[in-house]
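Spelled out, the chains give:
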Amino acid sequence: MKILRRDFIKTTTALAGYLLANWLTPFKLFGASSQDSPKLKIINRINNSEAMIRTRLNRGIILLDFTEFAAQNNYGIFTNSQKRKTVIYIGQDRATFTAENGFVILNEQLLHFLQEPLWENGELWVPALVLADVFSKYTSHQMEFDQSGFTFSIGQKDVSLTNIVMSAMENGTLIHVFADKEYRETEITHKISNDWFYLEILGGKVDPKSLEATPCKGIISDIKVTSFPTIISIGFKLKKPVISRDIHLENNGREILINLRISDTLAVEDETKKDLEEQKKKWLIETIVVDAGHGGKDPGAVGYDGVKEKDIVLPLALKLGELIKERMPAIKVVYTRSTDVFIPLWQRTKMANEANGKLFVSLHCNSNPNKNARGFETYFLSADKDEKAKDVVLKENEAIQFEESSDKEKYSGVNFVLATMAQNAFMRQSKYLASSVQDAMHQRLQVLDLHSRGVKQGPFWVMVGATMPNILIELGFVSNKYESKILRQKASQVKIADAIYSGIEKYKKDIESAI
Ligand SMILES: [Zn+2]
């Protein structure tokens, strides 16, 4: 498998299949220890060096010795053993990796990956695939992990302008453009037109995508790169009028420094703070939507002794909400229903979006003609489905039959594909949330003799359209005599809600420790 500048969104499905195959095996899911694996050949095309470094295999994921990787390639590295974090400095770029955390901070961007670094023998081991992706996709560096040849190559994209770094100053903004060739002042022109500052460089070569991903600061709100046959134009969108500007070259023409000054001195600091807050806010989980499945005329699954799914999930949802409010008072809990009423599936995600929800958790119970079937499982939304998930998906989507006929049009096949594509942006987080909750339930519900059936994916209507990470939990089988009894008991409902809570809490903590 050759992975080069892979577009994660487009290939999420393929990758999800690969990872899921590894995740779904209970042994691999819960047995976390890694093993030695062959040494990885690092080919550095920039300084023409080669080295062999140690790797480990964990849950089918190849991790490399990060310290050794940095040393062999002369990259700066800083490790905080207590926080189990390592920062690597490559050229002008800086990336922070954290053990057992899928979030990577590149410069000031927060990226999320399914594969996580591992802390072992007092150092950090980083997934080779993630490392290659972080640098190839978002910087001017070229990194490629060839899993079949077991090589990792490092190069530089064919660019002459490698990086842009901005700093907000008290009276304006400083833009630092880094080049890997020497420029002369005569090769650079600049102008301001329609709220944009344009820097035009003769003979410039760039990777527009990575430059446009530069975090904006101060009075700059956007970057647009345009290539002409002999000139590169980099446009910087201005939030405020610039009263003066100067440009000069440093480091023998390898650095272009632009100083944009504004009159309004105090406002800039506030703007910068606001920008950072806004970036962080995107990731903060302030509102959690708890969705009790079915209700009213829709009983959901009817199980042993005539117990109805809708009557089990409602008190459980309320208990979960109560725990969240009690233990994380800053978080707002929104219920799609708090009584025995019928709510169409499409309306549930609409409510969640309108409430500005940051997580959507839908609670359900399973049933099966086979009375021995038992266990809990957590789903995330995907147009693909596991073969075994088919029955569950059909059962949950059946709730549509209770809806008004005019509503049913909302669920045509075409809509579904479009809607799940919109959800792809949250798929990685949803999957991570699903495994975090499933894991917590596995650890905490053994006392009730409830078993994990793993994390699965499927096209559930109730999750479509939510613009936030979302999961659907099948708490157990109402068709099973033992589980229908347990699911009805108040004391065990508290334990189940507590387990789900701790999965959500871990997810929240992981995100916040990475920010
Ligand atoms: Zn259900």
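Small disclaimer: the values here were computed from a predicted structure and weren't measured.

### Quick notes on empty space enclosed by the protein
Unfilled space is identified by rolling a water-sized probe across the atoms.
Move 1: All told, the structure shown has two cavities of 30 Å³ or more when counted by the stated rule.
Move 2: Of the voids in this model, the second largest cavity is the one considered here, and its volume is about 30 Å³.
Move 3: The wall of the second largest cavity is formed by Leu345, His364, Glu396, Asn397, Phe460, Trp461 and Val462.
Move 4: Here the residues of the lining of the second largest cavity are counted per class, giving four nonpolar, two polar and one charged.

### Let's talk about helix H7 (residues 309–327)
Move 1: Given a rise of 1.5 Å per residue, 19 residues ought to cover 27 Å, and the 27 Å separating the end C-alpha atoms of H7 matches this to within 8%.
Move 2: Here H7 has its buried residues at Glu309, Lys310, Ile312, Val313, Leu314, Leu316, Ala317, Leu320, Gly321, Leu323 and Ile324.

### Observations regarding the sheet that holds strand E15 (residues 172–179)
Move 1: One open sheet accounts for four strands, arranged E14-E15-E21-E20; its pairing is antiparallel. Bordering the open sheet on either side are strand E14 (161–169) and strand E20 (244–250), each of which pairs with just one other strand. Neighbour-to-neighbour, the strand axes of the sheet open up by a mean angle of 15°, direction not taken into account.
Move 2: Here E14 runs beside E15; their pairing, made up of eight bridges, is antiparallel.

### Observations regarding the confidence of the model for the chain
Move 1: When the pLDDT values of the chain are averaged, the result is 84; 85% of them are 70 or greater.
Move 2: Per-residue pLDDT stays below 50 along residues 1–32; that stretch engages in 64 contacts with residues further than four places along the chain or on separate chains.

### Examining the nonpolar core
Move 1: Met441, Leu475, Ile496 and Ile500 are the most contacted members of the largest nonpolar core, which has 51 residues in total.
Move 2: Elements represented by at least two residues in this core include exactly strand E22 (287–292), H7, strand E24 (359–366), strand E25 (376–381), helix H11 (413–444), strand E27 (470–477), helix H12 (481–488) and helix H13 (490–514).
Move 3: Examining the composition of this core, we find that nine residues originate from one element, H13, more than from any other.
Move 4: Ignoring sequence-local partners within four residues, the contact set of isoleucine 500 consists of Leu320, Leu363, Val437, Met441, Ile473 and Leu475.

### Overview of the coordination of the zinc ion
Move 1: All of the protein donors around the zinc ion are His294 (NE2), Glu309 (OE), His364 (ND1), Glu396 (OE) and Glu396 (OE); their distances to the metal are 2.0 to 2.5 Å.
Move 2: Each donor residue of the zinc ion belongs to the same chain, and together they define the spacing H-x14-E-x54-H-x31-E. In this pair, glutamate 309 sits in helix H7 while glutamate 396 sits in helix H9 (residues 390–397), placing the two residues 87 residues apart along the sequence. Of the two residues examined, glutamate 309 and glutamate 396, each falls in the buried class.

### Quick look at the sheet that holds strand E9 (residues 109–112)
Move 1: With antiparallel pairing, five strands are arranged side by side in an open sheet as E5-E6-E7-E8-E9. Each having just a single partner strand, strand E5 (76–80) and E9 make up the two edges of the open sheet. If you compare each strand with its neighbour and ignore which way they point, the axes differ by 20° on average.
Move 2: Here strand E7 (residues 93–98) runs beside strand E8 (residues 103–106); their pairing, made up of three bridges, is antiparallel. Bridge pairing in E8 places alanine 95 opposite leucine 106.

### Some thoughts on the pattern of salt bridges
Move 1: Tallied over the full model, the rule gives 26 salt bridges.
Move 2: Note that glutamate 68 and arginine 54 form a salt bridge whose closest N and O atoms lie 3.8 Å from each other. Taken together, the positions of glutamate 68 in helix H3 (residues 66–72) and arginine 54 in strand E3 (residues 49–58) put the pair 14 residues apart, joining distant regions of the chain.
Move 3: By relative accessible area, which is 35% here, arginine 54 ends up partly exposed.

### So, the pairing of strand E13 (residues 151–156)
Move 1: For E13, the tally of buried residues reaches five of six residues, placing the bulk of the element in the interior.
Move 2: Pairing between strand E2 (residues 35–44) and E13: four bridges, direction parallel. The partner of asparagine 44 across the bridge, within E13, is isoleucine 154.
Move 3: Sheet topology note: the strand E12 (residues 141–146)/E13 ladder contains six bridges and is antiparallel. Across the sheet, residue histidine 141 finds its bridge partner in E13, namely glutamine 156.
Move 4: Hairpin connection, E12 to E13: the antiparallel pair is bridged by four residues, and phenylalanine 150 has positive phi, about 50°.

Rules used in this analysis
- Residue numbers restart at each chain and count upward from 1, following the sequence in its written direction.
- Residues qualify for local features only when their pLDDT is at least 70, as the model is predicted, and side-chain atom pairs are given and counted only at 80 or more; totals for whole chains, interfaces and linings, by contrast, use all residues.
- Calculation of side-chain values draws on the structure's entire complement of heavy atoms; hydrogens and water are dropped beforehand.
- Put plainly, a pocket is an open set of points on a 1 Å grid over the protein atoms alone with protein on both sides within 12 Å along at least five of seven lines, a cavity is a set where a 1.4 Å probe fits but cannot get out, and a lining residue has an atom within 4 Å of a point.
- Grid points are joined across faces, edges and corners, and a volume is the space filled by probe spheres set on the points.
- Each residue receives one of three labels: charged for Asp, Glu, Lys and Arg, nonpolar for Ala, Val, Leu, Ile, Met, Phe, Trp, Tyr, Cys and Pro, and polar for the others, Gly being one of them.
- Helical segments are the DSSP runs of H or I of at least four residues, strand segments are the runs of E of at least two, and each set is numbered from the N terminus.
- Each residue after the first adds 1.5 Å to the expected span of a helix.
- Relative accessibility under 20% of the residue-type maximum defines a buried residue, over 50% an exposed one, and the middle range a partly exposed one, all with a 1.4 Å probe and only protein chains included.
- One bridge is not enough; two strands pair if DSSP finds at least two bridges between them.
- Fitted lines through C-alpha atoms give the axes, limited to the stretch in contact for helices. The angle between two N-to-C directions lies from 0 to 180 degrees.
- For every residue, the predictor states its confidence as a pLDDT score lying anywhere from 0 to 100.
- Residues count as neighbours in contact if any of their non-hydrogen atoms are within 4.5 Å of one another.
- Throughout this description, the term nonpolar core refers to a set of buried Ala, Val, Leu, Ile, Met, Phe, Trp, Tyr and Cys residues connected via side-chain atoms within 4.5 Å.
- Water is absent from the atoms considered, so a metal site may look incomplete; donors are defined as N, O and S atoms within 2.8 Å of the metal, or 3.2 Å for Na, K and Ca.
- Here, a salt bridge means any Lys or Arg side-chain nitrogen found within 4 Å of an Asp or Glu carboxyl oxygen.

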